[in-house]
Amino acid sequence: MQKPPFRYKAWVALFTVVLAGMLFPWDVQAGENIKAIQRSVVRIFTVAQNPDYRTPWDPGESGSGVGSGFIIDGNRILTNAHMASNARFIAVEKEGDARRYEAKVKFIAHDCDLAMLEIQDPAFFKTTAALHLGGVPSLDSIVTVLGYPIGGDRLSVTRGVVSRIDYQVYSHSGVDSHLAIQIDAAINPGNSGGPVIQDGVVVGVAFQGFSGMVAQNVGYMIPVPVLTRFLQDVKDGHYDRYVDAGIQFFPLINPTHRRALGLAPGDFGVMVSDVMQAGAAFGQVHVGDVLLAIDGRPISSDGRVNMDEDRLMLNEVVERKFKGDTVGLSILRQGKKIDASITLSTPWPYLTQARQYDVKPRYVIYGGLVFQPLSSSFYGSLSEKTDTLRYYYSQFLGKELYLKHPEVVVISKVLPDPINTYQGRFVNTIVDQINGSTIKTLEDVAAAFKKPSDFYVVRVVGDPQPLVLEASAVSKAQQRILARYKIDADAYLGDSIVPAEWLAKHETDQATPDLTMEK
Amino acid sequence: MNRRMKINLRLLITVLSGLVLIGCSSRTMVPERWNRTADSAQSIVRVTVVSQGYHFHQPWQQRQPSRQTAIGAIVPGGRVLVTALLVANHRYIELETVDTRRKQRAEVEVVDYEANLALLKPTDDTFLMHRKPLALANPSSPGDRLTLLQIKPDGDAVPSSGEITSIELSAYTQGNHFLAYRLNGALQYRFGNLTIPVLKGKKLAGLMLRSDSSGQTIDIISTPVIEHFLKDADHPPYLGFPRAGFHYGPALDPQLRRYIGLPETMSGIYVQKVLKGSPADLAGLRAGDVITRMDQHTVSNTGQFNHPLYGKTSLIHLIRTAYQVGDTIPITVFRDNATLTLNAVLGHRSPDEYRVPPFVIDRQPEYRIIGGLVFQELSLSYLREYGNDWAHSAPIHLIYFNQNQDYLNGDEREKIIIISQVIPTPYSVGYESLANLVVSKVNGHPIGKLSDLEAALKDPVNGFHRIEVDQTPGIIFLDPEEIPQIHKIIESRYRIPISSASAPL
């Protein structure tokens, strides 16, 4: 029953797809002018170093990979975010040139798996040509995939048809869904980031597929609407992510439900079922409100709006917008009509559920106990997930657990030492308080241990036995433990997900009944 | 060593079964060795139980009846001792003598689903009249040899024996730990019998709890637990095994010990949580106390005491088995650098006193259908309906309540009421997919038990029942005037009674 929070990224794209399909009804011909196009396709060699959240102080294992990319106007190279994530070194090659050119990441969008690379050496672009972006190809039309997949070193070309135009979860972040186009041309490891061409223009970027064990001839490309949104977002020199209103709605199909809310029979209006406190609409929209229209477009009872001669989900209106844009809502509240204007933002708690890249794992070590925030990457690294961790991770948004613990701090590990030999039972527990203060972030943990005190009494969630750390004992042991396990720093506190403004604004929040100790 | 024992056992079994056959034809020729088996045939009965439980996700629906057999031990008072799980949700119980094959219906006299023990009584008192009840053995200690007594379908006895390797706590049923004998060796035959009596010499030492063929161990319900049960059963009303009502942890960590000022010479356990209204609470025990002595026993840092027979033994055994409900146990605690002694009058915590009851057995799970919404109490039985992997496959927001029920400070609900599902009717269009919603309020009234619904439903808001739930959609509405029609449809089309209880809504 638990639904992901209100994020309907993909509908923007669907709209664009339909529109483009009408505007450019291409005649599809067999065969592309490969000679011309191959000047725009590049082979990307990357070395990535992925942190191991089980040993967050270590730099992580590095590994190399090969993928594809293509050149668009302005000497920009587009590829997948997953080709450039956690990259330490990127080299680009092109056909007919023996040299490898070092590239740097200019923009990276982990929520739609796109990245833009730049190459300092102008010599690289001497013989290249820029590709142009097309539209959304129609079903059953032929597309050509170019890239550098496994099976050899030189450019590979495969062909297929457009099989399906639908929304897919983009597996790079694991939580975002957008429009994606399924094609039956072979897409193999190494195709990632390569262009999908129709009539000489780009209609998509190959990015994910199923392994042959699961399904045959199912590959996906990121369609042009998602590409264009990315290019538009970075125009100001910064990628801001998709934005959201932070509300969930419930379709108003039930006739009794409609009457109880004062709605006439018919097929318009949806009920707001959840308003995220960290979301844009909080305070302006309430649970039980009926949404009648969005940006002037009437909302039908299944949550769709008429747009571009189609019925699209109402979130589509939001999906097309950028950070700071507003959306207008017509609301029926207790029989009264109200208009609200919501300034859109990215609800930050949602980022804890997305896989993280290009960040270092946060941690604090004290007395051999390792404290780490409950992020997607950390959660994924756990071999055993306790019920309490499962609850805090899965209900973090739905139960708004972030109100009390914006960052859920877990005692992830005990680095064995005589002083912590009896503390193993606290592994995988969540820190609620230290010396009576609620722990909201990992910074709070670090700060609590810096405050002079003879003892630090750590209260964990759901187990009211205190974990006691004696300052004098720890101070003797700390360096010895760090040296024994060859750890350079006892903490890394950068790369926080929780915005500072949020913490400043919610300093005095009190939470609802929970598993804390009795007062 | 192991190998030799196996051969011996097999030999013994062969010899014995051979002798039983001879014994049938000529009783007078029975050699000395045979007597024991003949005696035991006089002391045990075959028990057949047909049981039928409910489907907790469709509480109006009964499961297919299932039949189980067991070997019961005849105990004084013309009664038969079996494991409780054998008779859970029974519809029909039949006893059969092993030698004369006479049959007689029986009823449950006392059952304890925590200690997993039940006493059966034949409906005809004369049925066990000339049988030889088994006296209870003295408590065993490690090294003692015990014999598991099985009966083949044809009536032959199949004894297999093993040595007690350890005596320690074991789960008798979910969440209920009592002292168990652990025997080495794998069980040779089982014939599908759920209860198997375990003898020491000619006396009853226990009943088999479970056998683990891969680890080659057999756990046995121990004599002291049976003794406690029989003693309680002989003095009605049956009160059950006591609890003190607190959670504890070890007081091992020197840093914790220094923080609370516990002298190094003192050992004990750290009290984590005292349940409100429990014997420990009434005695004045508080979270943060360290229990250093219980009764006359010194408590170790891990919660054990030295038992004269079993060696280091958990306090849980002391509290739950050494005492009866109503007994007073002196508890010495270290608090604020001083020791004091508290007297706890032990009580029993019945399943109904749990926020999420650990089991619902021998009765239909309660439910109310209101306008197609199925209201139920959350119980462990409901969660277990998700299959063997329920701990992972049941919804985590429901597991949470079960897991943390003693720790939900500030949540005053007696029970967790859920809308388990919606029965589709033309009136429930749009609600069909709702399931496992935790109900917080109905018409503004907080809902802390199923019976709270009744009063709440008398008080509609603006002509509608307003039901608030913790999950999407947050609010559900029902029209009081439509409810009778909806119920008519459910009763006629689905043939589902709208309520498990007789109380009309």
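Predicted model only: the values in this text are computed from it and were never measured.

(A) Highlighting the overall build of chain B. Per the secondary structure count, chain B includes 12 helices and 29 strands. Taken along the three principal axes of its C-alpha coordinates, chain B extends 90 × 65 × 40 Å. In chain B, buried positions account for 43% of the 505 residues. Partitioning the contacts of chain B with sequence separation of at least 6, the portion at a separation of at least 24 is 61%.

(B) Examining the overall build of chain A more closely. Helix and strand counts for chain A come out as 11 helices and 28 strands. Expected size for 519 residues packed as a compact globule is a radius of gyration near 24 Å; at 26 Å, chain A falls within 12% of this value. With respect to the three principal axes, the spread of C-alpha positions in chain A is 80 × 70 × 40 Å. Going through the 519 residues of chain A one by one, you find that 47% of them count as buried.

(C) Expanded view of the interface of chain B and chain A. Contact residues are listed per partner, giving 38 residues for chain B and 37 residues for chain A. Counting only elements with at least two residues in the side of chain B that touches chain A, the list comes to helix 5 (254–260), strand 16 (269–274), helix 10 (396–403) and strand 29 (475–478) of chain B. In terms of residue count, helix 10 of chain B provides more of the side of chain B that touches chain A than any other element does, five residues in total.

(D) Spatial organisation of the sheet that holds strand 6 (residues 90–97) of chain B. All names here are of chain B. Pairing is antiparallel around the closed barrel formed by six strands, whose spatial order is 1-4-5-8-7-6. Put simply, the sheet's adjacent strands are angled 40 degrees from each other on average, direction ignored. As judged from the six bridges shared by strand 7 (residues 103–112) and strand 8 (residues 117–122), these two strands associate in the antiparallel manner. Residue pairing for strand 8: V108 is matched across the bridge by L120. Strands in contact with helix 4 (residues 223–233) are strand 4 (66–75), strand 7 and strand 8; relative to strand 8, the strand with the most contacts, it is inclined by about 50 degrees.

(E) Representation of the confidence of the model for chain B in the model. Residue and element names in this part refer to chain B. When pLDDT is averaged along chain B, the result is 88; 90% of the residues meet or exceed 70. Across residues 1–35, confidence stays below pLDDT 50; counting only partners more than four residues off in sequence or on other chains, it has 19 contacts. Scoring the predicted complex yields pTM 0.87 and, for the interface, ipTM 0.85.

(F) Seen up close, helix 10 of chain B. Those residues of helix 10 of chain B lying buried are H397, I399, Y400, N402 and Q403 of chain B. On its buried face, helix 10 of chain B sits against helix 8 (387–394) of chain A together with helix 8 (380–384), helix 9 (390–393) and strand 26 (437–442) of chain B.

(G) Focus on helix 12 (residues 483–494) of chain B. Residues and elements named next belong to chain B. For helix 12, which comprises 12 residues, the first-to-last C-alpha distance of 16 Å matches the rise-based estimate of 16 Å (1.5 Å per residue) to within 8%. When helix 12 is considered as a whole, its buried residues turn out to be I486, H487 and I490. Considered in projection along helix 12, the buried side chains sweep an arc of 100 degrees and stay on one side of the axis. Opposite the packed face of helix 12, turned more than 90 degrees from it, sit the exposed residues P484, K488, S492 and R493. Tucked into the core, helix 12 has its buried residues touching strand 23 (367–370). Looking one or two residues beyond helix 12, the residue adopting positive phi is R495, at roughly 55 degrees.

(H) Summary view of the nonpolar core. With 114 residues, the main nonpolar core has F371, V409, V431 and V445 of chain A together with F375, I419 and V439 of chain B as its most contacted residues. Those residues in contact with V431 of chain A, other than ones at most four positions away along the chain, are F371, V409, I411, I439, V445, V458 and V460 of chain A. Judged by nonpolar contacts, the second largest core, of 68 residues, contains L86, A118, V198 and L207 of chain B.

(I) Main features of unusual backbone geometry. Of note, the amide linkage connecting P236 of chain B to P237 of chain B takes the cis form, showing an omega dihedral of 0 degrees. Inspection of the secondary structure assignment puts P237 of chain B in the loop between helix 4 and strand 15 (246–250). Across the junction of T472 of chain B and P473 of chain B, the peptide omega takes the value 10 degrees, indicating a cis bond. Among the secondary structure elements, P473 of chain B is positioned in the loop between strand 28 (465–469) and strand 29. For D140 of chain A, which is not glycine, the phi dihedral falls at a positive 75 degrees. Following the sequence through the fold, D140 of chain A ends up in the loop between strand 6 (114–119) and strand 7 (142–147).

(J) Representation of the packing of helix 8 of chain A against helix 10 of chain B in the model. Viewed as axis vectors pointing N to C, helix 8 of chain A and helix 10 of chain B meet at an angle of 135 degrees, and their least axial separation amounts to 10 Å. The angle between helix 8 of chain A and helix 10 of chain B places the two elements in the oblique class. For the pair helix 8 of chain A and helix 10 of chain B, the crossing hand works out as left-handed. In contact with D387, R390, Y391 and S394 of chain A of helix 8 of chain A, helix 10 of chain B contributes I396, I399, Y400 and Q403 of chain B. Residues of the contact of helix 8 of chain A with helix 10 of chain B, tallied by class, amount to four nonpolar, two polar and two charged.

(K) Quick look at the confidence of the model for chain A. Overall, the prediction assigns chain A a mean pLDDT of 89, with 92% of residues at 70 or greater. Low pLDDT (under 50) marks residues 1–29 of chain A, which in the prediction has 78 contacts with non-local residues, meaning those over four places away or in another chain.

(L) Main features of the environment of E443 of chain A. Residues and elements named next belong to chain A. Relative to the helices and strands, E443 is located in helix 9 (residues 442–450). Look at E443 and you get partly exposed, because 19 C-beta atoms sit within 10 Å. Sequence spacing of E443 and Q356 is 87 residues, and the spatial spacing of their C-alpha atoms is 19 Å.

(M) Inspection of the pairing of strand 26 (residues 455–460) of chain A at higher detail. Residue and element names in this part refer to chain A. When strand 24 (residues 429–434) meets strand 26, the two strands line up antiparallel, connected through three bridges. By the bridge assignment, I434 is partnered in strand 26 with V458. Pairing of strand 26 with strand 27 (residues 463–470) involves five bridges; the strand directions are antiparallel. Bridge pairing links V458 to L467 in strand 27. Linking strand 26 to strand 27, which pair antiparallel, is a turn of two residues; within it G462 sits at a positive phi near 80 degrees.

(N) Just the environment of Q208 of chain A, in detail. Residues and elements named next belong to chain A. Locating Q208 in the fold gives a position in strand 11 (residues 201–209). Overall, the presence of 21 C-beta atoms within 10 Å leaves Q208 in the buried class. When the C-alpha positions of Q208 and A264 are compared, they lie 46 Å apart, and in sequence the two are 56 residues distant. Sequence-distant contacts of Q208, defined by excluding residues within four places in its chain, comprise S171 and Y220.

(O) Highlighting the sheet that holds strand 9 (residues 145–151) of chain B. Residue and element names in this part refer to chain B. Around the barrel, which closes on itself, the six strands sit in the order 9-10-11-14-13-12 with antiparallel pairing between neighbours. Sheet twist, expressed as the average angle between the axes of neighbouring strands with direction ignored, equals 45 degrees. Here strand 9 pairs with strand 10 (residues 157–173) via seven bridges, running antiparallel. In the strand pairing of strand 10, L146 is matched with G162.

(P) Quick peek at the pairing of strand 22 (residues 369–373) of chain A. Residue and element names in this part refer to chain A. The element strand 22 is extensively covered by neighbouring structure, given that five of its five residues are classed as buried. Residue alternation in strand 22 divides its side chains into two sets, L369, F371 and P373 and V370 and Q372, and both sets are buried. In this sheet, strand 22 lies alongside strand 21 (residues 363–366) in antiparallel orientation, the contact comprising three bridges. Opposite V364, over in strand 22, you have F371 as the bridge partner. Adjacent in sequence and paired antiparallel, strand 21 and strand 22 are bridged by two residues, among which G367 carries a positive phi angle near 60 degrees.

(Q) Highlighting the environment of W502 of chain A. Residue and element names in this part refer to chain A. Position of W502 among the secondary structure elements: in helix 11 (residues 500–505). For W502, a count of 16 C-beta atoms within 10 Å puts it in the partly exposed group. Considered as a pair, W502 and K235 are 267 residues apart in the sequence and their alpha carbons are 27 Å apart.

Reading the values: the criteria
Residues numbered from 1 in each chain as written. Chains lettered and ligands numbered in written order. Predicted model: local features only at pLDDT ≥ 70, side-chain atom pairs only at ≥ 80, totals over all residues. Helix = DSSP H or I, 4+ residues; strand = E, 2+ residues; numbered from the N terminus. Buried ≥ 20, exposed ≤ 12 C-beta atoms within 10 Å, placed from the backbone. Contact = placed C-beta atoms within 7 Å. Rg over C-alpha atoms; globule rule 2.2 N^0.38 Å. Pairing = 2+ DSSP bridges. Axes fitted to C-alpha atoms, helices over the stretch in contact; angles between N-to-C directions. pLDDT = per-residue confidence, 0-100. Expected span 1.5 Å × (residues − 1). Arc of directions from axis to C-beta. Core = buried A, V, L, I, M, F, W, Y, C linked by C-beta atoms within 7 Å. Parallel < 35°, antiparallel > 145°, perpendicular 65-115°, else oblique. Left-handed = near helix turned anticlockwise from the far one by under 90°. Nonpolar A, V, L, I, M, F, W, Y, C, P; charged D, E, K, R; others polar.

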